[in-house]
Amino acid sequence: MHEMRATATEVEIPAISTGRLSEAADVARRLATRLRAAIVGRNEEIDLIIVALLADGHVLLEDYPGSGKTTLARALGSAVVGTKDSGAYSTFRRIQFTPDLLPSDITGSSVFQPESGELVFRPGPLFAHVVLADEINRTSPKVQAAMLEAMAEKQVTVDNHTYPLDPLFFVIATQNPRDVAGTYPLPVPQLDRFLFKLSMQHIDKDAELTILERYPITSLEQAAEVPGVSRDEVIAARNSLRQAVVISPAIREGLVALARRLRADARVVQGVSTRSLVLMLPALQARAVMSGRDYVSPGDVAWLAPHVFVHRLDCLPGVDNAATVIKESLEPVLEQLSRLSLER
């Protein structure tokens, strides 16, 4: 029997001379190479997920069943390996959200030990480096509240005791927008905690053929042959890009101008939050590193702004595409940023 096994192509990320940033760029390159070995035809989504991981954000994947949402999340989970200091934390955990799920099912619970006569806390699946929250919109508001605390504060509270989660803690959540039966809309504060909300569209013909040609080798088996990264390397990369990638005052002023334009737009009921602007800063830095730069450019803003803001805009009825509103508000801001760059 002939076995077909494709070879992963190493992703090219331009070199950066700064020592700390060169290591961060290497982490991004290895992650991109491994994820692209597992997932075909999703290069932009993969790049955005790596940006979110390095920016310490969370990602919501939305689209129809079978589009590769869960496979992409599992591929990332298997790409980040633990270290000796990981302790009780798992590298990857998957939580299947259902209507009968309880908060203690994800946070953990206190269990009575007859030998000692004491309550001992047993960590739940949130105590992991990468957590796949599958069909997150199928669970009750009480569980959503527990998820919100974990995503916002990197901690869980059980029986009036607070337990910290791992510093790497990263959530990839999935939901199917077309199947509304038995679902609960995500609360606005929780939706605002997701750095990106990505829609997984159909891949092209060549990508689908490549997937079929790989059979019977699975996507995760394909990716397992490519080296991953360690938890400590990801955390070090986060710290490096925050400290070493320059964000000019003009970029910050441009972000504020964009936010104010969106809030003032007659088609917008609720504009983007200040938190979203803060969350965007490390995302811009991560994008710059992946582009081989130690500074943020207007192009980084243009690439990331639609993904960061589209799920945060509440538009009037009849406005079908919030991305169009963002694009129109973004154009004069980018023009101003480009003019300032030319003047320098």
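With respect to the nonpolar core
A general feature of soluble globular proteins is that nonpolar side chains tend to end up buried together.
Part 1 of the reasoning: Counting residues in each nonpolar core, the largest one holds 83 residues, and the members touching the most others are L76, F196, L304 and F309.
Part 2 of the reasoning: Counting residues per element, this core draws most heavily on helix α1 (residues 19–38), which supplies 10 residues.
Part 3 of the reasoning: In this structure L304 touches L48, V51, F196, M280, A283, L284 and R287, once residues within four positions along its chain are discounted.
Part 4 of the reasoning: Ranked by size, the runner-up nonpolar core spans 26 residues in total, among them I95, I106, F127 and M151.

Regarding unusual backbone geometry
Part 1 of the reasoning: Here the bond from Y215 into P216 is cis, since omega is 10°, no more than 30 degrees from zero.
Part 2 of the reasoning: Within the secondary structure, P216 sits in the loop between α7 (205–214) and α8 (219–224).
Part 3 of the reasoning: At N160, a residue that is not glycine, the phi angle is positive and equals roughly 65°.

Thoughts on the confidence of the model for the protein
Low-pLDDT stretches of the model should not have their predicted coordinates read in fine detail.
Part 1 of the reasoning: Of the residues in the protein, 91% reach a pLDDT of 70 or more, and the chain-wide mean stands at 88.
Part 2 of the reasoning: Here residues 1–7 is modelled with pLDDT under 50, and outside its nearest four sequence neighbours on either side it reaches 11 contacts, counting other chains as well.

Brief notes about a nonpolar patch on the surface
Part 1 of the reasoning: A surface patch of nonpolar side chains, amounting to about 280 Å² of accessible area, comprises L209, I211 and L212.
Part 2 of the reasoning: Tracing the chain through its elements places L209 in helix α7.
Part 3 of the reasoning: Judged by relative accessible area, which is 40%, L209 ranks as partly exposed.

Considerations on the packing of aromatic side chains
Aromatic rings in a pair are described by how distant their centres are and how their planes are angled relative to each other.
Part 1 of the reasoning: Under the criterion given, the structure shown has two aromatic pairs.
Part 2 of the reasoning: With a centroid separation of 3.9 Å and 10° between ring planes, the pair formed by F121 and Y163 is classed as stacked. Here the residue F121 occupies a position in strand β5 (residues 118–123), and Y163 occupies one in strand β8 (residues 161–164), the gap between them amounting to 42 residues.
Part 3 of the reasoning: The lysine or arginine in question, R287, covers the ring of W303, its NZ or CZ lying 3.9 Å from the ring centre.
Part 4 of the reasoning: Between the NZ or CZ atom of R293 and the centre of the ring of Y295, over which it lies, the distance is 5.5 Å.

Section: the pairing of strand β9 (residues 170–175)
Part 1 of the reasoning: With six of six residues buried, β9 is to be regarded as a mostly interior element.
Part 2 of the reasoning: For strand β1 (residues 59–62) and β9, the ladder comprises four bridges, and the chain directions are parallel. In the sheet register, L60 faces β9, and the bridge partner there is A173.

Some thoughts on the layout of surface pockets
Part 1 of the reasoning: Estimates place the volume of the largest pocket at around 360 Å³.
Part 2 of the reasoning: If you go around the largest pocket, you meet 15 residues; those closest to its centre are L191, H311, R312, L313 and D314.
Part 3 of the reasoning: Tallied by class, residues from the lining of the largest pocket come to seven nonpolar, four polar and four charged.

Focus: the pattern of salt bridges
Part 1 of the reasoning: Scanning the model with the defined rule gives 19 salt bridges in all.
Part 2 of the reasoning: Close ionic contact of E335 with R339 constitutes a salt bridge, the shortest N to O distance being 3.2 Å. Of this pair, E335 and R339 are both found in helix α13 (residues 322–343), four residues apart, which corresponds to roughly one turn of the helix.
Part 3 of the reasoning: Look at the salt bridges and you will find they share partners, linking D26, R29, R30 and E233 into a network.

Considerations on the pairing of strand β4 (residues 108–113)
Part 1 of the reasoning: Direction of pairing for β4 relative to β5: antiparallel, over a ladder of six bridges. Opposite S109, over in β5, you have R122 as the bridge partner.
Part 2 of the reasoning: What sits between the antiparallel neighbours β4 and β5 is a turn of four residues, in which G117 has the positive phi angle 70°.

Remarks on the sheet that holds strand β3 (residues 90–96)
Part 1 of the reasoning: In spatial order, the strands read β3-β6-β9-β1-β10; together these five strands make up an open sheet with parallel pairing. Lying at the two open borders of the sheet, with one neighbouring strand each, are β3 and β10 (196–199). Neighbour-to-neighbour, the strand axes of this sheet turn through a mean angle of 15°, independent of strand direction.
Part 2 of the reasoning: Summarising the sheet, β1 and β10 pair through four bridges and their orientation is parallel. Bridged to L61 within β10 is L198.

Conventions we followed
- Residues numbered from 1 in each chain as written.
- Predicted model: local features only at pLDDT ≥ 70, side-chain atom pairs only at ≥ 80, totals over all residues.
- Heavy atoms only, no water.
- Core = buried A, V, L, I, M, F, W, Y, C linked by side-chain atoms within 4.5 Å.
- Buried < 20%, exposed > 50% of the residue type's maximum accessible area, 1.4 Å probe, protein only.
- Helix = DSSP H or I, 4+ residues; strand = E, 2+ residues; numbered from the N terminus.
- Contact = heavy atoms within 4.5 Å.
- pLDDT = per-residue confidence, 0-100.
- Patch = residues over 30% accessible without salt bridge, like charges linked within 9 Å, V, L, I, M, F, W, Y side chains within 5 Å.
- Areas by Shrake-Rupley, 256 points an atom, 1.4 Å probe, with all protein chains shown as cover.
- Salt bridge = Lys/Arg side-chain N within 4 Å of Asp/Glu carboxyl O.
- Phe/Tyr/Trp six-rings, centres within 6.5 Å; stacked < 30°, edge-to-face > 60°.
- Lys NZ or Arg CZ within 6 Å of the ring centre and 35° of its normal.
- Pairing = 2+ DSSP bridges.
- 1 Å grid on protein atoms, 1.4 Å probe; cavity = no way out; pocket = protein on both sides within 12 Å on 5 of 7 lines; lining within 4 Å.
- Points joined across faces, edges and corners; volume = space filled by probe spheres on them.
- Nonpolar A, V, L, I, M, F, W, Y, C, P; charged D, E, K, R; others polar.
- Axes fitted to C-alpha atoms, helices over the stretch in contact; angles between N-to-C directions.

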